[in-house]
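# Architecture and fold: a report
In case you want the letters, here they are:
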Amino acid sequence: MTDAGRDTAPERDEDARVRLPQLRLDELLEELQARIDAARGTRDRVRSLLEAVLSVGRELDLEQALHSIVEAAAALVDARYAALGVIGPDGRRLSAFHTVGVSDEEIARIGHYPEGHGILGELIRHPQPLRVPKLSEHPASYGFPPHHPPMNTFLGVPIRVRDQVFGNLYLTEKRGGAQFDEEDESVLSTLAVAAGVAIDNARLYEESRLRERWLQVNAEITHGLMSGSERGEALLLVAERAREITGAALAVVAVPMEGTDSLTVELARGQDAGTHRGLVVPVEGSLLGRAFTSAAPVTSPDIAHDERVFQGPQTLTGLGPAVAVPIGGEDGVRGILLLVRAAGGHAFTDKEIEPLRGFAAQAAVAMELAERRQDAEQIAVLEDRDRIARDLHDLAIQRLFATGMTLQSAGRFIDHKGASERVLRAVDDLDETIKIIRSTIFGLRSRAADGPGTGLRARVVRLVGESAPLLGFAPSVRMEGLIDTHVSKEAADHLVAVLSEALTNVARHARASRAQVAVETDGREVRLTVTDDGVGLPEGGRRSGLRNMAERAEQLGGSFEATDTPGGGTTLVWRVPVGER
């Protein structure tokens, strides 16, 4: 080897010794950079978490707070899909579902929101953080409904509000195909704690606003009562405000019918209010009757399928959860306030029912004041009548009697025959006038001879109730207008006879499973309508009963019509003038 070769080898060794520390330094610098990047990533993530906590904490509207929580969760763990499921009152199912990442069109194609089965139910049953690498491989998973987007990775954590599980956060499909890790779980659990505080604040704020609204409405009703509002106006205000605050689709006020074991719907506001107004509901076995007899609120999860509610024609379509609240208390229930939400709405909770009870008590005060005002007015009328009767008796009759005696005595001194006869006729006229005045006095002083339960309303309800065993079912009854006030006794007697004949015909010939009775008056005429779902009018059958109904209508100057009901059955319409009271 030459001298040049010997000189090159040491130089290479020296270069190698120089490069080795350089490589180690590069590795150390790369590791340091990686740690700096990790620290920067952690810092950014912590900052994002803090921003998310502040964002959800600022929301006071509950629905908006829930949506903000879902959006923040998806952003923090870089998930494509996120959802927040609110656990229902039963603690086993989801009552609400808020999503991010799924469009409205996709939701419409998928159908109904999940109720908490499968993997979602697993988190409800065991409220602990859950990470799943592949959803389809988990024992609790049973697949997705049609049109559902594919989902594999899963991360779920519970949200607690004051040691109670409010709901769960569900995250799926971490972007980039990565798996959810422990850091994701830690971040999401931290967000869930902040979400619980935000939800609690939003609920407290919502409850305080609700209490404020109830106080405002109570003040409005009190002001109306003090300013002399009529009973009907006060009850209408009660029903309307209760419907607005509770988000009900329908509000009904039912009151007891004197002389019967039934309640009648005095007013209704909201969805299909006209079909409910005037309905007569038996106390025994009905939802309203249960609230009336127990003097306590009664709820129904779905009034459209509740056996305690009469299924009238199209009266319950589209209606769902309901609550019947007594107006009054243990010392006496004056009526029932029924509130019904639309189908699919959430059931009435104890927190909602409690202020309703106080509100219904306010309605009882309204009815009490109105009745006392009416009693005072009636007493004033009676006192005035008694004064008129006393004046007629003590002044008018005595003077007429004295005038008659004078004329009768003077008649003996009249020689002219024609003049004498005229005086005697005048005396007879005075006697007849005295009789009329005495009859008027008797009418003014006498109280109503009819006892409770003898009005047309009560007679119709009793007759329909008596027909139920013969029919095999209880017909529905609806009455509108001042039936007891406007309809004369003669017209009322004929109407009851026609109704009896109509119900008898339904029982004997119609083979019906349902019947409706409606009595209505506008102050000029009274109309009776009887409808059934039976076989209809037979061709060539006996028509003696229908002729009797027609003759009664003609006798009073009215009309009668019997027609087949579309879809099967018969409709009878009997109408006559109300007559003279």
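Residues numbered from 1 in each chain as written. Predicted model: local features only at pLDDT ≥ 70, side-chain atom pairs only at ≥ 80, totals over all residues. Heavy atoms only, no water.

### A short note on the overall build of the protein chain
Convention followed: Note on conventions: DSSP H or I runs of at least 4 residues are helices, E runs of at least 2 residues are strands, and numbering of each starts at the N terminus. Exposure classes here rest on a 1.4 Å probe applied to the protein chains alone. A residue is buried below 20% of its type maximum, exposed above 50%, and partly exposed in between. Residues count as neighbours in contact if any of their non-hydrogen atoms are within 4.5 Å of one another. Where accessible areas are quoted, they stem from the Shrake-Rupley method and a 1.4 Å probe; at the residue level, only the protein chains shown are allowed to cover.
Helices and strands together make up the secondary structure of the protein chain, namely 14 helices and 16 strands. By residue count, 40% of the 581 residues in the protein chain fall in the buried class. When contacts within the protein chain are restricted to residue pairs at least 6 apart in sequence, long-range pairs at least 24 apart make up 61% of them. Accessible area for the protein chain stands at about 32,900 Å²; split by element, carbon and sulfur atoms hold 52% of it.

### Notes on the packing of aromatic side chains
Note the threshold: We call Phe, Tyr and Trp rings a pair once their centres come within 6.5 Å, taking the six-membered ring for Trp, and we label the pair stacked below 30 degrees between planes, edge-to-face above 60, and tilted otherwise. Over a ring means this: the NZ of a Lys or the CZ of an Arg is within 6 Å of the ring centre and within 35 degrees of the ring normal.
The tally for this structure, following the rule as stated, stands at 1 aromatic pair. Here Arg-341 stacks its cationic end above the ring of Phe-348, 4.0 Å away from the centre of that ring.

### Examining a negative patch on the surface
So the rule is basically this: Distance thresholds for patches are 9 Å for like charges and 5 Å for nonpolar side chains (Val, Leu, Ile, Met, Phe, Trp, Tyr), applied to residues having over 30% relative accessible area and no salt bridge. A pairing counts as a salt bridge when a side-chain nitrogen of Lys or Arg comes within 4 Å of a carboxyl oxygen of Asp or Glu. Counting rule applied: Lys, Arg positive; Asp, Glu negative; His and chain ends not counted. Just so you know, the charge point we use is NZ for Lys, CZ for Arg, CG for Asp and CD for Glu.
A cluster of acidic side chains, namely Asp-428, Asp-429, Asp-431 and Glu-432, defines a negative patch on the protein surface. Along the chain, Glu-432 falls in helix 10 (residues 417-445).

### As for the pattern of salt bridges
Overall, the coordinates contain 16 salt bridges when judged by the stated rule. The salt bridge involving Arg-243 is made with Glu-240; its shortest N-O contact spans 2.9 Å. Highlighted residues: Arg-243 and Glu-240, both in helix 6 (residues 231-246), separated by 3 residues, approximately one helical turn. Under the relative-accessibility criterion, Arg-243 is labelled partly exposed at 21%. Taking the relative accessible area as the measure of exposure, Glu-240 reaches 12% and is therefore buried. Here Glu-244 makes a salt bridge to Arg-241, at a shortest N to O gap of 3.5 Å. Remark: Arg-241 and Glu-244 occur in helix 6; sequence separation between them is 3 residues, near one turn of the helix. With a relative accessible area of 39%, Glu-244 lands in the partly exposed category. What you see here is one network of salt bridges that share partners, running through Arg-478, Glu-480, Glu-520, Glu-525, Arg-527 and Arg-575.

### Thoughts on the nonpolar core
As a rule of thumb, soluble globular proteins bury nonpolar side chains together. Quick note on the threshold: The definition of a nonpolar core used throughout is a set of buried Ala, Val, Leu, Ile, Met, Phe, Trp, Tyr and Cys residues joined through side-chain atoms within 4.5 Å.
Core analysis: the biggest nonpolar cluster contains 38 residues, and Val-460, Met-479, Leu-499, Val-519, Leu-528 and Trp-574 have the highest contact counts within it. Among the elements of the structure, helix 11 (456-471), strand 12 (476-480), helix 13 (489-510), strand 13 (515-521), strand 14 (525-532), helix 14 (544-555) and strand 16 (570-577) are those that each provide at least two residues to this core. No other element matches the 10 residues that helix 13 contributes to this core. Residue contacts for Val-460: discarding those within four places in its chain leaves Val-477, Met-479, Leu-495, Leu-499 and Val-519. The next biggest cluster of nonpolar side chains, apart from the first, holds 29 residues, and it includes Leu-62, Ala-72, Leu-84 and Phe-180.

### Side note on helix 8 (residues 287-294)
Burial in helix 8 covers these residues: Leu-287, Leu-288, Gly-289 and Ala-291. One or two positions beyond helix 8, positive phi appears at Ala-295, with a value near 55°.

### Looking at the packing of helix 11 against helix 13
The criterion, for reference: All axes here are fitted lines through C-alpha atoms, helices being fitted over the stretch that makes contact, and every angle between N-to-C directions spans 0 to 180 degrees. Between 65 and 115 degrees an angle is taken as roughly perpendicular, under 35 as roughly parallel, over 145 as roughly antiparallel, and anywhere else as oblique. A crossing counts as left-handed when the near helix is turned anticlockwise from the far one by less than a right angle, and as right-handed when that turn is clockwise. Gly counts as polar in this scheme, as do all residues outside two lists: the nonpolar Ala, Val, Leu, Ile, Met, Phe, Trp, Tyr, Cys and Pro, and the charged Asp, Glu, Lys and Arg.
Contact geometry for helix 11 and helix 13: axes closest at 10 Å, N-to-C directions at 15°. When the axes of helix 11 and helix 13 are compared, the pair comes out roughly parallel. For the element pair helix 11 and helix 13, the recorded crossing hand is right-handed. Contacts between helix 11 and helix 13 involve Leu-456, Arg-459, Val-460, Leu-463, Val-464, Ser-467, Leu-470 and Leu-471 on the former and, on the latter, Ala-492, Asp-493, Leu-495, Val-496, Leu-499, Ser-500, Leu-503, Val-506 and Ala-507. In terms of residue class, the contact of helix 11 with helix 13 is built from 13 nonpolar, 2 polar and 2 charged.

### Side note on helix 4 (residues 118-125)
Note that an α-helix has 3.6 residues per turn; residues three or four places apart therefore point the same way. For helix 4, the buried fraction is high: 6 of the 8 residues fall into the buried class. Residues of helix 4 that are buried: Gly-118, Ile-119, Leu-120, Gly-121, Leu-123 and Ile-124.

### Describing the environment of Pro-146
With respect to the element layout, Pro-146 can be found in the loop between strand 3 (130-132) and strand 4 (154-161). Considering only alpha carbons, one finds Pro-146 and Ile-110, 36 residues apart in sequence, at a separation of 6.2 Å. Beyond its immediate stretch of four places on either side in the chain, Pro-146 contacts Arg-109 and Ile-110.

### Details of the confidence of the model for the protein chain
Spelled out, the test is: Within a predicted model, pLDDT stands for the predictor's per-residue confidence, ranging from 0 to 100.
In this model, the protein chain carries a mean pLDDT of 77, and residues with pLDDT of at least 70 account for 77%. This stretch, residues 1-5, has a pLDDT under 50; its non-local contacts, to residues over four places away or in other chains, come to 1 contact. Segment residues 447-452 is flagged for pLDDT under 50; beyond a separation of four residues in sequence, or across chains, it makes 2 contacts in the model.

### Comments concerning the environment of Met-549
By the secondary structure assignment, Met-549 is in helix 14. We classify Met-549 as buried; its relative accessible area is 1%. The sequence separation of Met-549 and Trp-574 amounts to 25 residues, and the corresponding C-alpha distance is 7.7 Å. Each residue touching Met-549, except ones within four places of it in the same chain, is listed here: Val-498, Glu-501, Ala-502, Asn-505, Phe-560, Leu-572 and Trp-574.

### As for unusual backbone geometry
Backbone geometry places Asp-272, a non-glycine residue, at a positive phi of 50°. Tracing the chain through its elements places Asp-272 in the loop between strand 7 (262-270) and helix 7 (273-276). Classification of Asp-272 as partly exposed rests on a relative accessible area of 38%. For Arg-511, which is not glycine, the phi torsion reads 55° and is therefore positive. Structurally, the position occupied by Arg-511 is in the loop between helix 13 and strand 13.

### Digging into the side chain of His-276
This is how the line gets drawn: A 3.5 Å cut-off defines polar contacts: any pair of N or O atoms within that distance qualifies, except that in protein one atom must be a possible hydrogen donor and the other a possible acceptor, and neighbouring residues in sequence count only when both atoms are side-chain atoms.
As for its placement among the helices and strands, His-276 is situated in helix 7. For His-276, the side chain forms a polar contact with the main-chain oxygen of Asp-272, separated by 2.8 Å. A distance of 3.2 Å separates polar atoms of two side chains, one belonging to His-276 and the other to Thr-275.

### Looking at the pairing of strand 1 (residues 79-87)
Our working definition: Strands pair, by our definition, only if DSSP identifies at least two bridges between them.
In terms of burial, strand 1 is a largely internal element, 8 of the 9 residues being buried. Looking at chain direction, strand 1 and strand 5 (residues 164-174) are connected through 7 bridges and run antiparallel. Bridge pairing links Ala-83 to Tyr-170 in strand 5.

### What to know about the pairing of strand 7
Judged from the 7 bridges that link them, strand 6 (residues 250-256) and strand 7 form a sheet pairing that is antiparallel. Across the sheet, Val-253 pairs through a bridge with Leu-267, a residue of strand 7. Counting the residues that bridge the hairpin from strand 6 to strand 7 gives 5 residues, and of these Gly-259 lies at a positive phi of roughly 80°.

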